[in-house]
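# Architecture at a glance
As a plain string of letters, each chain reads:
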Amino acid sequence: MKISVAEQAGFCFGVKRALKLIDEYHRRGKKIQTYGPLIHNLPVLRDLAAKGITQAGSPAEIEKGRTLCIRTHGVPRDVERRLKRRGVPCLDATCPLVKKGQKIIERLGRGGAPVLLVGDKDHPEIVAARSYARRVTIINSLAEARALPRSREIHVVAQTTLDTSFFKEVVAVLLDKAERLHVHNTICLATQERQEAVRRLAPKVDAIIVVGSRISSNTKKLYQIARASNRNALRIETCDDLRRPRVAARLRTFRSIGLSAGASTSPQELDNVKKYLHKL
Ligand code: F3S
């Protein structure tokens, strides 16, 4: 069995930065709480919990005496304001590229321009981003793009982890919808590189495995891309998912397997999978 790892896979710059920030604070003996899960990665979250780093699901759950770490996806503006008013000490681990998108939306909103945001309306990044302007419409399908009314001007912004091909398709639809179309390509480079790498690798192998959390948006996109060109695409959360006898038996039938991983998957997890496949 030949195992090939995608050229870009696993932890991105924003995730590494967030983990480094929290680690530095923890080493200094500070008591920390994260606002929601810091990143979408269960083993990492378990590690943080073992270090006594707790999670607050809402401002009401914030414990006194703890520094609150803002997750990579950011928080809505009203939450930020409430935290400031209450004087909660914060460590901002929002990814700078997520921040960049928020600033674009804020600037457009100040000028009164309506903003079209392409992404998953329930994802924490989008929940936070939409709070930066009053006139924000969220779409997440070509059908929704086609259903938009014609207007003089459209500013379109993307979720950082959106599939680049999908964004291009949405933009193509929008060309017929406005006299002036402004495209703000806010898909982050780490996402683009990981998507391109899996797009290249998937058709060259018998099967492809994408490692990452079930709630990770970028992992989901990688899996969809892999699946589009390889019907033996498999999505797993950790190496344990491969140990089930039926899965292991199926894997043994492949002569080549490709590996990819979402931006919040650790190098250790990727390594565990690689080692397990070699053993098989
Ligand atoms: Fe940031 Fe992109 Fe990672 S937005 S958190 S570098 S996937």
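Our structure is the block above this text.
A few points on the structure. (Residues numbered from 1 in each chain as written. Predicted model: local features only at pLDDT ≥ 70, side-chain atom pairs only at ≥ 80, totals over all residues. Heavy atoms only, no water.)

## Looking at the overall build of the chain
When its secondary structure is counted, the chain shows 11 helices and 12 strands. Along the first, second and third principal axes, the C-alpha set of the chain runs to 60 × 55 × 25 Å. Contacts spanning at least 24 positions in sequence make up 70% of the contacts within the chain whose residues lie at least 6 apart. The positive charge centre, built from 53 side chains, and the negative charge centre, built from 27, are 1 Å apart in the chain. (Helix = DSSP H or I, 4+ residues; strand = E, 2+ residues; numbered from the N terminus. Contact = heavy atoms within 4.5 Å. Lys, Arg positive; Asp, Glu negative; His and termini not counted. Charge placed at Lys NZ, Arg CZ, Asp CG, Glu CD.)

## What to know about the site of the ligand
Residues in contact with the ligand, as listed here, are Cys12, Gly14, Cys95, Leu97, Val98, Thr160, Cys188, Thr191 and Ala263. Tallied by class, the residues present in the shell around the ligand amount to 6 nonpolar, 3 polar and no charged. (Near = heavy atom within 4 Å. Nonpolar A, V, L, I, M, F, W, Y, C, P; charged D, E, K, R; others polar.)

## Describing empty space enclosed by the protein
Here the structure, examined in full by the defined rule, presents 6 cavities of 30 Å³ or more. There is about 290 Å³ of room inside the largest cavity. Around the largest cavity, the lining comprises 23 residues; the ones closest to its centre are Cys12, Thr72, His73, Thr161 and Asn218. Looking at the lining of the largest cavity, the elements with two or more residues in it are helix H1 (13-27), helix H4 (96-110), helix H8 (189-201) and helix H9 (217-229). In terms of residue count, the dominant contributor to the lining of the largest cavity is H8 (3 residues). When the residues that make up the lining of the largest cavity are grouped by side-chain class, the tally is 9 nonpolar, 12 polar and 2 charged. Taken as a whole, the second largest cavity spans an internal volume of roughly 70 Å³. Surrounding the second largest cavity, His40, Asn41, Leu42, Pro43, Val211, Gly212, Ser213, Glu237, Ser264, Thr265 and Glu269 form its lining. Residues belonging to the lining of the second largest cavity are distributed by class as follows: 3 nonpolar, 6 polar and 2 charged. (1 Å grid on protein atoms, 1.4 Å probe; cavity = no way out; pocket = protein on both sides within 12 Å on 5 of 7 lines; lining within 4 Å. Points joined across faces, edges and corners; volume = space filled by probe spheres on them.)

## Quick notes on the side chain of Thr161
Counting through the fold element by element, Thr161 comes out in the loop between strand S8 (151-158) and helix H7 (164-174). Given a relative accessible area of 11%, Thr161 falls into the buried group. Here Ser217 takes part through its side chain, which lies 3.0 Å from a polar atom of the side chain of Thr161. Here Thr161 is in contact with Thr191, Gln195, Ser217, Asn218 and Lys221, once residues within four sequence places are set aside. (Buried < 20%, exposed > 50% of the residue type's maximum accessible area, 1.4 Å probe, protein only. Polar contact = N/O pair within 3.5 Å; in protein donor to acceptor, adjacent residues only side chain to side chain.)

## Re the sheet that holds strand S9 (residues 178-184)
A sheet is described by the order of its strands in space; here 4 strands give the open sequence S7-S6-S8-S9, paired in parallel fashion. At either margin of the open sheet sits one strand with a lone partner, and together these are strand S7 (136-139) and S9. For this sheet the average axis-to-axis angle between neighbouring strands, irrespective of direction, equals 25 degrees. Of the pairings in the sheet, the one linking strand S6 (residues 115-118) to S7 comprises 4 bridges and is parallel in character. (Pairing = 2+ DSSP bridges. Axes fitted to C-alpha atoms, helices over the stretch in contact; angles between N-to-C directions.)

## Focus on the sheet that holds strand S4 (residues 67-70)
Spatially, S3-S2-S4-S5 is the arrangement adopted by the 4 strands of the open sheet, whose pairing is parallel. Looking at strand neighbours, the two that pair on one side only are strand S3 (54-56) and strand S5 (90-92), the edges of this open sheet. Averaged over all pairs of adjacent strands, the angle between their axes in this sheet comes to 30 degrees, without regard to strand direction. As paired strands, strand S2 (residues 32-35) and S3 are joined by 3 bridges and run parallel to one another.

## Considering H7
The set of residues buried in H7 consists of Thr164, Phe166, Phe167, Val170, Val171, Val173 and Leu174. By the N-cap criterion, in which a side-chain oxygen at the helix start approaches the backbone nitrogen of a residue two or three places on, H7 is capped by Asp163, the distance to Ser165 being 3.0 Å.

## Regarding the packing of H8 against H9
Where H8 contacts H9, the two axes come as close as 9 Å, and the packing angle between them is 25 degrees. Classified by the angle between their axes, H8 and H9 sit roughly parallel to one another. With respect to the hand of their crossing, H8 and H9 are arranged in right-handed fashion. Counting all contacts with H8, which are made through Arg194, Gln195, Val198 and Arg199, the residues of H9 involved are Lys221, Leu222, Ile225 and Ala226. Each residue belonging to the contact of H8 with H9 can be placed in one class, and the counts come to 4 nonpolar, 1 polar and 3 charged. (Parallel < 35°, antiparallel > 145°, perpendicular 65-115°, else oblique. Left-handed = near helix turned anticlockwise from the far one by under 90°.)

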